[in-house]
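Remarks on the overall topology
The lines below spell out each chain.
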Amino acid sequence: MVNTAIARRSSPVSLRVIFGVLLGLLVLSFTLGTGAPAAHAASDVCVANAETACFNGTIKGVGAGVKLTIDGNGQNVVAETDKDGKWNAAVTTAGVYTITLDEKTLPAGVTLKGDAVQERDITLGFTKGAIFAVDGATGEGADNGQSQEQIAAEGFNWDRLAQQVVSGLRLGLLLALASIGLSLIYGTTGLSSFSHAEQVTLGGLLGYTFANVLGLNIFVTIIIVVILTGATGYIQDAVIWKPLRKKGLSLTQMIIVTIGLALAMQYTFQMFWGAKTIRIIKNNPDTFTIGPVTLTFESIWAMGLSVIVLILVGLFLLKTRTGRATRAVSDNPALAAASGIDVDRIIRLVWVIATALAGLSGVMLGLVLNGINWQTGMQLLLLMFAAVTLGGLGTAFGALVGSLIIGMTVELANFVVPGDFKYATALVLLIIILLVRPQGIFGRKERIG
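Since we're looking at a predicted model, the values are computed, not measured. (Residues numbered from 1 in each chain as written. Predicted model: local features only at pLDDT ≥ 70, side-chain atom pairs only at ≥ 80, totals over all residues. Heavy atoms only, no water.)

A word on the confidence of the model for the protein chain. Across the protein chain, the average pLDDT comes to 81, with 83% of residues at or above 70. The low-confidence segment residues 25–43 (pLDDT under 50) makes 28 contacts with residues lying over four places distant or belonging to another chain. Segment residues 140–154: pLDDT under 50, and 42 contacts once partners within four positions in sequence are set aside and those in other chains are kept. (pLDDT = per-residue confidence, 0-100. Contact = heavy atoms within 4.5 Å.)

Below you can see the structure in the form of C-alpha coordinates.
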(Lines give C-alpha, C1' and ligand atoms only; values in the text may rest on other atoms or scores of the structure.)
Protein backbone atom coordinates (compact mmCIF):
# COMPACT_ATOMS: atom_id res chain seq x y z
CA MET A 1 0.00 0.00 0.00
CA VAL A 2 2.90 2.32 0.76
CA ASN A 3 4.45 1.59 -2.62
CA THR A 4 1.13 2.40 -4.27
CA ALA A 5 0.96 5.72 -2.44
CA ILE A 6 4.50 6.54 -3.48
CA ALA A 7 3.86 5.65 -7.08
CA ARG A 8 0.76 7.82 -7.08
CA ARG A 9 2.77 10.83 -5.88
CA SER A 10 5.52 10.61 -8.48
CA SER A 11 5.20 11.52 -12.10
CA PRO A 12 8.11 10.03 -14.12
CA VAL A 13 7.54 12.30 -17.08
CA SER A 14 7.50 15.45 -14.94
CA LEU A 15 10.60 14.36 -13.07
CA ARG A 16 12.47 13.64 -16.30
CA VAL A 17 11.56 17.11 -17.52
CA ILE A 18 12.82 18.69 -14.29
CA PHE A 19 16.09 16.78 -14.39
CA GLY A 20 16.50 17.67 -18.06
CA VAL A 21 16.04 21.35 -17.29
CA LEU A 22 18.53 21.18 -14.42
CA LEU A 23 21.13 19.43 -16.58
CA GLY A 24 20.60 22.03 -19.27
CA LEU A 25 21.12 24.81 -16.75
CA LEU A 26 24.32 23.14 -15.56
CA VAL A 27 25.69 22.95 -19.10
CA LEU A 28 24.66 26.58 -19.71
CA SER A 29 26.35 27.68 -16.49
CA PHE A 30 29.71 26.24 -17.43
CA THR A 31 29.34 27.35 -21.04
CA LEU A 32 28.87 30.93 -19.89
CA GLY A 33 32.08 30.58 -17.90
CA THR A 34 34.08 30.75 -21.14
CA GLY A 35 33.13 34.39 -21.68
CA ALA A 36 35.75 37.13 -21.73
CA PRO A 37 36.41 39.31 -18.68
CA ALA A 38 34.32 42.46 -18.66
CA ALA A 39 35.50 45.98 -18.06
CA HIS A 40 33.27 48.04 -15.82
CA ALA A 41 31.56 50.63 -17.98
CA ALA A 42 30.13 53.87 -16.75
CA SER A 43 26.50 54.61 -17.48
CA ASP A 44 24.26 57.61 -17.13
CA VAL A 45 21.81 55.51 -15.15
CA CYS A 46 23.28 53.01 -12.70
CA VAL A 47 21.92 49.48 -13.12
CA ALA A 48 22.58 47.09 -10.25
CA ASN A 49 24.19 43.81 -11.29
CA ALA A 50 26.65 41.19 -10.06
CA GLU A 51 29.49 43.70 -9.68
CA THR A 52 27.60 46.92 -8.98
CA ALA A 53 25.29 48.41 -6.37
CA CYS A 54 23.41 51.67 -6.92
CA PHE A 55 22.48 54.64 -4.77
CA ASN A 56 19.92 57.09 -6.13
CA GLY A 57 17.33 59.68 -5.31
CA THR A 58 15.52 62.82 -6.43
CA ILE A 59 15.85 66.23 -4.80
CA LYS A 60 12.79 67.96 -6.18
CA GLY A 61 13.10 71.41 -7.63
CA VAL A 62 16.85 71.98 -7.20
CA GLY A 63 17.74 71.43 -10.84
CA ALA A 64 21.18 70.35 -12.02
CA GLY A 65 24.53 70.67 -10.29
CA VAL A 66 23.82 69.72 -6.67
CA LYS A 67 26.68 67.47 -5.56
CA LEU A 68 26.59 64.42 -3.30
CA THR A 69 29.56 62.39 -2.12
CA ILE A 70 29.30 58.65 -1.48
CA ASP A 71 32.20 57.52 0.68
CA GLY A 72 33.18 54.21 2.26
CA ASN A 73 34.91 50.85 1.78
CA GLY A 74 37.82 52.48 -0.01
CA GLN A 75 35.58 54.24 -2.54
CA ASN A 76 34.73 57.89 -2.99
CA VAL A 77 32.10 58.67 -5.63
CA VAL A 78 30.72 62.10 -6.47
CA ALA A 79 27.23 62.33 -7.99
CA GLU A 80 25.42 65.37 -9.40
CA THR A 81 21.75 66.01 -9.89
CA ASP A 82 20.40 66.47 -13.41
CA LYS A 83 17.88 69.09 -14.50
CA ASP A 84 15.08 67.14 -12.80
CA GLY A 85 16.99 66.82 -9.54
CA LYS A 86 17.71 63.12 -10.07
CA TRP A 87 21.03 61.60 -9.11
CA ASN A 88 22.55 58.14 -9.01
CA ALA A 89 25.92 56.61 -8.22
CA ALA A 90 27.50 53.19 -8.64
CA VAL A 91 29.74 51.41 -6.12
CA THR A 92 31.52 48.10 -6.58
CA THR A 93 31.97 46.98 -2.97
CA ALA A 94 29.29 45.93 -0.49
CA GLY A 95 29.14 47.59 2.91
CA VAL A 96 28.17 50.76 4.76
CA TYR A 97 28.50 54.07 2.91
CA THR A 98 28.21 57.67 4.03
CA ILE A 99 26.20 59.87 1.64
CA THR A 100 26.90 63.59 2.09
CA LEU A 101 25.03 66.39 0.34
CA ASP A 102 27.17 69.48 -0.34
CA GLU A 103 24.91 72.28 0.87
CA LYS A 104 27.10 74.88 -0.87
CA THR A 105 25.91 73.55 -4.23
CA LEU A 106 22.22 74.09 -3.47
CA PRO A 107 20.58 76.90 -5.48
CA ALA A 108 20.20 80.32 -3.86
CA GLY A 109 17.27 80.45 -1.47
CA VAL A 110 17.09 76.67 -1.07
CA THR A 111 17.84 75.19 2.35
CA LEU A 112 18.18 71.61 3.46
CA LYS A 113 15.66 70.10 5.86
CA GLY A 114 17.25 67.50 8.13
CA ASP A 115 20.77 66.12 8.11
CA ALA A 116 23.15 66.51 5.19
CA VAL A 117 24.80 63.17 6.02
CA GLN A 118 23.15 59.76 5.80
CA GLU A 119 24.39 56.18 6.06
CA ARG A 120 23.25 53.29 3.91
CA ASP A 121 24.22 49.60 4.03
CA ILE A 122 24.15 48.04 0.57
CA THR A 123 24.86 44.71 -1.11
CA LEU A 124 26.02 44.24 -4.70
CA GLY A 125 23.13 43.71 -7.07
CA PHE A 126 20.81 45.98 -5.08
CA THR A 127 19.59 49.58 -5.28
CA LYS A 128 19.03 51.91 -2.34
CA GLY A 129 17.65 55.43 -2.22
CA ALA A 130 18.62 58.36 -0.03
CA ILE A 131 16.07 61.07 0.72
CA PHE A 132 17.15 64.69 1.12
CA ALA A 133 14.27 67.15 1.59
CA VAL A 134 14.67 70.86 0.91
CA ASP A 135 12.76 74.12 1.44
CA GLY A 136 12.42 76.90 -1.11
CA ALA A 137 12.89 74.79 -4.26
CA THR A 138 11.11 76.29 -7.26
CA GLY A 139 12.97 74.78 -10.21
CA GLU A 140 11.76 72.28 -12.78
CA GLY A 141 10.46 69.14 -11.15
CA ALA A 142 9.55 70.73 -7.85
CA ASP A 143 5.98 69.42 -8.11
CA ASN A 144 6.32 66.53 -10.48
CA GLY A 145 5.35 64.02 -7.80
CA GLN A 146 8.13 61.53 -8.66
CA SER A 147 9.23 59.31 -5.78
CA GLN A 148 12.79 59.17 -4.51
CA GLU A 149 13.40 55.66 -5.85
CA GLN A 150 11.30 55.75 -9.01
CA ILE A 151 14.44 55.91 -11.10
CA ALA A 152 15.11 52.29 -10.13
CA ALA A 153 12.17 51.17 -12.22
CA GLU A 154 13.02 53.30 -15.28
CA GLY A 155 15.07 52.58 -18.36
CA PHE A 156 13.75 49.34 -19.88
CA ASN A 157 15.97 47.86 -22.54
CA TRP A 158 16.67 44.35 -23.85
CA ASP A 159 20.18 44.24 -22.42
CA ARG A 160 18.83 44.93 -18.96
CA LEU A 161 16.12 42.30 -19.50
CA ALA A 162 18.75 39.66 -20.27
CA GLN A 163 20.72 40.63 -17.16
CA GLN A 164 17.62 40.43 -14.95
CA VAL A 165 16.59 37.04 -16.36
CA VAL A 166 19.98 35.51 -15.56
CA SER A 167 19.93 37.15 -12.12
CA GLY A 168 16.46 35.67 -11.55
CA LEU A 169 17.70 32.21 -12.51
CA ARG A 170 20.62 32.58 -10.10
CA LEU A 171 18.39 33.72 -7.23
CA GLY A 172 15.92 30.90 -7.94
CA LEU A 173 18.60 28.20 -7.80
CA LEU A 174 20.07 29.48 -4.54
CA LEU A 175 16.61 29.95 -3.05
CA ALA A 176 15.75 26.36 -4.02
CA LEU A 177 18.56 24.99 -1.83
CA ALA A 178 16.89 26.43 1.25
CA SER A 179 13.27 25.99 0.14
CA ILE A 180 13.57 22.26 -0.56
CA GLY A 181 14.67 21.66 3.03
CA LEU A 182 11.79 23.75 4.34
CA SER A 183 9.37 21.74 2.19
CA LEU A 184 10.79 18.41 3.39
CA ILE A 185 10.38 19.49 7.02
CA TYR A 186 6.76 20.41 6.38
CA GLY A 187 6.10 17.22 4.45
CA THR A 188 7.42 14.89 7.18
CA THR A 189 6.31 16.79 10.31
CA GLY A 190 3.60 19.23 9.18
CA LEU A 191 5.66 22.02 10.79
CA SER A 192 6.20 25.38 9.07
CA SER A 193 9.59 26.35 10.49
CA PHE A 194 10.02 30.12 10.70
CA SER A 195 13.55 29.61 12.03
CA HIS A 196 14.69 27.84 8.86
CA ALA A 197 15.72 31.10 7.22
CA GLU A 198 18.16 31.73 10.08
CA GLN A 199 20.03 28.58 9.03
CA VAL A 200 20.74 30.44 5.78
CA THR A 201 22.16 33.36 7.75
CA LEU A 202 24.19 30.98 9.92
CA GLY A 203 25.71 29.38 6.83
CA GLY A 204 26.79 32.75 5.45
CA LEU A 205 28.22 33.96 8.77
CA LEU A 206 30.13 30.72 9.32
CA GLY A 207 31.43 31.05 5.76
CA TYR A 208 32.75 34.52 6.65
CA THR A 209 34.37 33.17 9.82
CA PHE A 210 36.22 30.29 8.18
CA ALA A 211 37.10 31.91 4.84
CA ASN A 212 37.74 35.50 5.90
CA VAL A 213 38.76 35.40 9.55
CA LEU A 214 40.56 32.02 9.58
CA GLY A 215 41.72 32.22 5.96
CA LEU A 216 40.61 28.74 4.84
CA ASN A 217 40.09 27.83 1.19
CA ILE A 218 36.54 28.61 0.12
CA PHE A 219 35.77 25.03 -0.92
CA VAL A 220 37.08 23.68 2.40
CA THR A 221 34.94 26.36 4.06
CA ILE A 222 31.83 25.17 2.23
CA ILE A 223 32.36 21.58 3.36
CA ILE A 224 32.85 22.65 6.99
CA VAL A 225 29.78 24.92 6.90
CA VAL A 226 27.56 22.17 5.46
CA ILE A 227 28.71 19.75 8.18
CA LEU A 228 28.22 22.27 11.00
CA THR A 229 24.80 23.49 9.86
CA GLY A 230 23.69 19.89 9.34
CA ALA A 231 24.81 19.19 12.92
CA THR A 232 22.61 22.04 14.16
CA GLY A 233 19.62 20.32 12.54
CA TYR A 234 20.46 17.08 14.35
CA ILE A 235 20.77 18.94 17.66
CA GLN A 236 17.55 20.87 17.11
CA ASP A 237 15.51 17.74 16.52
CA ALA A 238 17.13 15.86 19.40
CA VAL A 239 16.81 18.67 21.95
CA ILE A 240 13.67 20.53 20.85
CA TRP A 241 11.45 19.00 18.20
CA LYS A 242 11.41 15.30 19.12
CA PRO A 243 10.67 15.98 22.81
CA LEU A 244 7.91 18.41 21.82
CA ARG A 245 6.42 15.82 19.45
CA LYS A 246 6.47 13.24 22.23
CA LYS A 247 4.68 15.72 24.51
CA GLY A 248 1.91 15.97 21.93
CA LEU A 249 2.20 19.73 21.31
CA SER A 250 0.02 21.07 18.54
CA LEU A 251 1.55 22.40 15.34
CA THR A 252 0.44 25.92 16.27
CA GLN A 253 2.40 25.74 19.52
CA MET A 254 5.46 24.41 17.71
CA ILE A 255 5.24 27.16 15.08
CA ILE A 256 5.35 29.71 17.90
CA VAL A 257 8.51 27.98 19.15
CA THR A 258 10.11 28.33 15.70
CA ILE A 259 9.32 32.06 15.72
CA GLY A 260 10.96 32.44 19.13
CA LEU A 261 13.96 30.42 17.98
CA ALA A 262 14.29 32.64 14.90
CA LEU A 263 14.35 35.79 17.02
CA ALA A 264 16.86 34.26 19.43
CA MET A 265 19.15 33.27 16.55
CA GLN A 266 18.93 36.71 14.94
CA TYR A 267 20.06 38.53 18.06
CA THR A 268 22.72 35.90 18.73
CA PHE A 269 24.12 36.60 15.25
CA GLN A 270 24.06 40.33 15.95
CA MET A 271 25.88 39.83 19.27
CA PHE A 272 28.70 37.72 17.83
CA TRP A 273 29.06 39.10 14.29
CA GLY A 274 27.66 42.62 14.65
CA ALA A 275 24.99 44.43 12.67
CA LYS A 276 27.04 45.49 9.65
CA THR A 277 27.25 43.69 6.32
CA ILE A 278 30.32 41.44 6.13
CA ARG A 279 32.01 39.86 3.15
CA ILE A 280 33.02 36.22 2.88
CA ILE A 281 35.81 37.11 0.46
CA LYS A 282 37.29 40.60 0.75
CA ASN A 283 38.65 40.91 -2.77
CA ASN A 284 36.31 42.46 -5.33
CA PRO A 285 34.99 39.64 -7.52
CA ASP A 286 36.29 39.11 -11.05
CA THR A 287 33.60 39.32 -13.69
CA PHE A 288 33.04 38.16 -17.22
CA THR A 289 30.51 39.05 -19.84
CA ILE A 290 28.72 37.22 -22.60
CA GLY A 291 26.54 39.43 -24.73
CA PRO A 292 24.63 41.82 -22.47
CA VAL A 293 25.01 39.66 -19.34
CA THR A 294 27.66 40.32 -16.71
CA LEU A 295 28.28 37.79 -13.93
CA THR A 296 30.96 37.15 -11.36
CA PHE A 297 32.88 33.89 -11.48
CA GLU A 298 31.53 33.19 -8.00
CA SER A 299 28.01 33.44 -9.40
CA ILE A 300 28.63 30.96 -12.17
CA TRP A 301 30.16 28.23 -10.04
CA ALA A 302 27.57 28.86 -7.32
CA MET A 303 24.84 28.24 -9.91
CA GLY A 304 26.63 25.15 -11.16
CA LEU A 305 27.12 23.75 -7.66
CA SER A 306 23.46 24.44 -6.85
CA VAL A 307 22.33 22.48 -9.90
CA ILE A 308 24.57 19.53 -8.95
CA VAL A 309 23.32 19.47 -5.35
CA LEU A 310 19.68 19.75 -6.43
CA ILE A 311 20.11 16.82 -8.83
CA LEU A 312 21.75 14.74 -6.07
CA VAL A 313 18.86 15.52 -3.69
CA GLY A 314 16.37 14.49 -6.37
CA LEU A 315 18.22 11.23 -7.02
CA PHE A 316 18.34 10.55 -3.29
CA LEU A 317 14.57 10.96 -2.97
CA LEU A 318 13.81 8.85 -6.05
CA LYS A 319 16.46 6.14 -6.20
CA THR A 320 17.49 5.29 -2.63
CA ARG A 321 15.63 3.22 -0.08
CA THR A 322 15.95 5.97 2.53
CA GLY A 323 14.70 8.52 0.02
CA ARG A 324 11.65 6.43 -0.77
CA ALA A 325 11.03 6.02 2.96
CA THR A 326 11.24 9.81 3.32
CA ARG A 327 8.61 10.26 0.65
CA ALA A 328 6.44 7.60 2.30
CA VAL A 329 6.62 9.43 5.65
CA SER A 330 5.75 12.66 3.88
CA ASP A 331 2.78 10.98 2.20
CA ASN A 332 1.35 9.25 5.28
CA PRO A 333 3.41 9.01 8.52
CA ALA A 334 1.01 6.59 10.23
CA LEU A 335 0.95 4.20 7.27
CA ALA A 336 4.73 4.45 6.93
CA ALA A 337 5.18 3.54 10.62
CA ALA A 338 2.78 0.60 10.24
CA SER A 339 4.93 -0.61 7.32
CA GLY A 340 8.04 -0.80 9.51
CA ILE A 341 9.63 2.57 8.69
CA ASP A 342 11.34 4.31 11.63
CA VAL A 343 9.54 7.65 11.34
CA ASP A 344 11.63 9.40 14.01
CA ARG A 345 14.86 8.40 12.27
CA ILE A 346 13.58 9.72 8.94
CA ILE A 347 12.50 13.01 10.52
CA ARG A 348 15.91 13.37 12.17
CA LEU A 349 17.60 12.79 8.79
CA VAL A 350 15.31 15.35 7.14
CA TRP A 351 16.30 17.99 9.71
CA VAL A 352 19.98 17.30 9.04
CA ILE A 353 19.59 17.49 5.26
CA ALA A 354 17.36 20.58 5.40
CA THR A 355 19.68 22.61 7.64
CA ALA A 356 22.76 21.51 5.68
CA LEU A 357 21.17 22.68 2.42
CA ALA A 358 20.17 25.98 4.04
CA GLY A 359 23.74 26.49 5.26
CA LEU A 360 25.07 25.83 1.76
CA SER A 361 22.57 28.34 0.39
CA GLY A 362 23.81 30.92 2.90
CA VAL A 363 27.43 30.57 1.78
CA MET A 364 26.43 30.77 -1.88
CA LEU A 365 24.27 33.86 -1.31
CA GLY A 366 27.06 35.52 0.67
CA LEU A 367 29.45 34.99 -2.23
CA VAL A 368 27.02 35.98 -4.97
CA LEU A 369 25.73 39.11 -3.18
CA ASN A 370 29.25 39.87 -1.90
CA GLY A 371 27.90 40.47 1.59
CA ILE A 372 25.73 39.03 4.34
CA ASN A 373 24.39 40.29 7.66
CA TRP A 374 22.29 39.14 10.60
CA GLN A 375 19.02 39.98 8.79
CA THR A 376 19.71 38.17 5.51
CA GLY A 377 17.61 35.12 6.39
CA MET A 378 14.69 37.21 7.61
CA GLN A 379 14.68 39.09 4.30
CA LEU A 380 14.50 35.77 2.43
CA LEU A 381 11.81 34.20 4.61
CA LEU A 382 8.87 35.50 2.56
CA LEU A 383 10.48 34.29 -0.66
CA MET A 384 11.09 30.83 0.80
CA PHE A 385 7.53 30.39 2.03
CA ALA A 386 6.20 31.78 -1.25
CA ALA A 387 8.28 29.26 -3.21
CA VAL A 388 7.22 26.30 -1.04
CA THR A 389 3.52 27.24 -1.09
CA LEU A 390 3.56 28.03 -4.78
CA GLY A 391 5.13 24.70 -5.69
CA GLY A 392 2.89 22.71 -3.35
CA LEU A 393 3.35 22.26 0.39
CA GLY A 394 5.48 19.26 1.30
CA THR A 395 6.70 18.49 -2.25
CA ALA A 396 10.45 18.88 -2.81
CA PHE A 397 10.16 19.15 -6.59
CA GLY A 398 7.39 21.70 -6.20
CA ALA A 399 9.71 23.79 -4.00
CA LEU A 400 12.32 23.72 -6.77
CA VAL A 401 9.90 24.93 -9.45
CA GLY A 402 8.37 27.49 -7.07
CA SER A 403 11.82 28.86 -6.23
CA LEU A 404 12.72 29.33 -9.89
CA ILE A 405 9.43 31.14 -10.53
CA ILE A 406 9.83 33.38 -7.48
CA GLY A 407 13.46 34.18 -8.28
CA MET A 408 12.57 35.20 -11.82
CA THR A 409 9.57 37.24 -10.70
CA VAL A 410 11.53 39.17 -8.08
CA GLU A 411 14.31 40.15 -10.46
CA LEU A 412 12.00 41.07 -13.35
CA ALA A 413 9.87 43.16 -10.99
CA ASN A 414 12.62 45.79 -11.05
CA PHE A 415 11.13 46.99 -14.32
CA VAL A 416 7.90 47.90 -12.57
CA VAL A 417 8.63 48.69 -8.92
CA PRO A 418 11.57 50.54 -7.36
CA GLY A 419 14.28 49.26 -5.05
CA ASP A 420 13.77 46.42 -2.59
CA PHE A 421 9.98 46.69 -2.96
CA LYS A 422 10.45 44.04 -5.64
CA TYR A 423 10.36 41.36 -2.91
CA ALA A 424 6.71 42.14 -2.23
CA THR A 425 5.87 40.97 -5.76
CA ALA A 426 6.52 37.40 -4.58
CA LEU A 427 3.54 37.67 -2.25
CA VAL A 428 1.36 39.15 -5.01
CA LEU A 429 2.25 36.29 -7.39
CA LEU A 430 1.59 33.75 -4.64
CA ILE A 431 -1.90 35.12 -3.98
CA ILE A 432 -2.81 35.20 -7.67
CA ILE A 433 -1.73 31.60 -8.34
CA LEU A 434 -3.33 30.21 -5.18
CA LEU A 435 -6.63 31.81 -6.16
CA VAL A 436 -6.47 29.72 -9.34
CA ARG A 437 -4.80 26.57 -7.93
CA PRO A 438 -5.03 26.49 -4.11
CA GLN A 439 -2.95 23.31 -3.74
CA GLY A 440 0.02 24.83 -5.56
CA ILE A 441 1.63 23.65 -8.78
CA PHE A 442 2.61 20.12 -7.67
CA GLY A 443 0.25 19.76 -4.70
CA ARG A 444 -2.81 17.54 -4.59
CA LYS A 445 -6.31 18.58 -3.68
CA GLU A 446 -7.22 17.49 -0.15
CA ARG A 447 -10.32 15.42 0.40
CA ILE A 448 -12.51 16.06 3.42
CA GLY A 449 -14.24 13.09 5.07
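Moving on, we come to unusual backbone geometry. Even without being a glycine, Asn73 presents a positive backbone phi close to 55 degrees. Classification of Asn73 as partly exposed rests on a relative accessible area of 39%. (Buried < 20%, exposed > 50% of the residue type's maximum accessible area, 1.4 Å probe, protein only.)

The next point concerns the environment of Val200. Within the secondary structure, Val200 is located in helix 4 (residues 196–213). Using a relative accessible area of 1% as the deciding quantity, one classes Val200 as buried. The spacing of Val200 and Val363 is 163 residues in sequence and 7.8 Å in space, taken between C-alpha atoms. When near neighbours in sequence (up to four residues on either side) are disregarded, Val200 contacts Ala178, Ala358, Ser361, Gly362, Leu365, Ile372 and Leu380. (Helix = DSSP H or I, 4+ residues; strand = E, 2+ residues; numbered from the N terminus.)

What follows concerns the sheet that holds strand 9 (residues 127–129). Ordered by their spatial adjacency, 3 strands build an open sheet running 5-2-9, and the pairing between neighbours is mixed. Each having just a single partner strand, strand 5 (86–91) and strand 9 make up the two edges of the open sheet. Sheet twist, expressed as the mean angle between neighbouring strand axes with direction ignored, is 20 degrees. (Pairing = 2+ DSSP bridges. Axes fitted to C-alpha atoms, helices over the stretch in contact; angles between N-to-C directions.)

In terms of nonpolar packing, the biggest core is built from 86 residues, with Ile180, Met364, Leu383 and Ile406 touching the most fellow members. When residues of this core are assigned to their parent elements, the largest contribution, 14 residues, is made by helix 10 (residues 343–368). When neighbours within four sequence positions are excluded, Met364 is seen to be in contact with Leu174, Leu177, Ile222, Trp301, Ala302 and Leu305. Core analysis: the next-biggest nonpolar cluster, separate from the first, contains 24 residues, Ala53, Leu68, Ala94 and Ile122 among them. (Core = buried A, V, L, I, M, F, W, Y, C linked by side-chain atoms within 4.5 Å.)

On to the state of the cysteines, then. One pass over the structure, following the stated rule, counts 1 disulfide. One disulfide in the model links Cys46 with Cys54; its S-S distance is 1.9 Å. With the S-S bond torsion at -75 degrees, the cross-link from Cys46 to Cys54 turns out left-handed. Assigned by exposure class, Cys46 and Cys54 land together as buried. (Disulfide = S-S within 2.5 Å.)

The tally for this structure, following the rule as stated, stands at 5 salt bridges. Note that Asp84 and Lys83 form a salt bridge whose closest N and O atoms lie 3.6 Å from each other. One salt-bridge network, held together by shared partners, links Asp237, Arg245, Lys246, Asp344 and Arg348. (Salt bridge = Lys/Arg side-chain N within 4 Å of Asp/Glu carboxyl O.)

What follows covers helix 13 (residues 424–436). Among all positions of helix 13, only Thr425, Ala426, Leu429 and Leu430 are buried. Across the axial projection of helix 13, the buried residues extend over an arc of 140 degrees, all falling on one side. (Arc of directions from axis to C-beta.)

In this section: the packing of aromatic side chains. Applying the stated criterion to the full structure yields 6 aromatic pairs. With a centroid separation of 5.6 Å and an interplanar angle of 65 degrees, the aromatic rings of Phe55 and Tyr97 are classed as edge-to-face. Within this pair, whereas Phe55 is found in strand 2 (residues 53–58), its partner Tyr97 is found in strand 6 (residues 95–101), the two being separated by 42 residues in sequence. Each member of the pair Phe55 and Tyr97 is classed as buried. Plain terms: the ring middles of Tyr267 and Trp374 are 5.7 Å apart, the flat faces sit at 40 degrees to each other, and that makes the pair tilted. Highlighted residues: Tyr267 in helix 6 (residues 251–273) and Trp374 in the loop between helix 10 and helix 11 (376–391), separated in sequence by 107 residues. On the basis of relative accessible area, Trp374 is assigned to the buried category, the value being 11%. (Phe/Tyr/Trp six-rings, centres within 6.5 Å; stacked < 30°, edge-to-face > 60°.)

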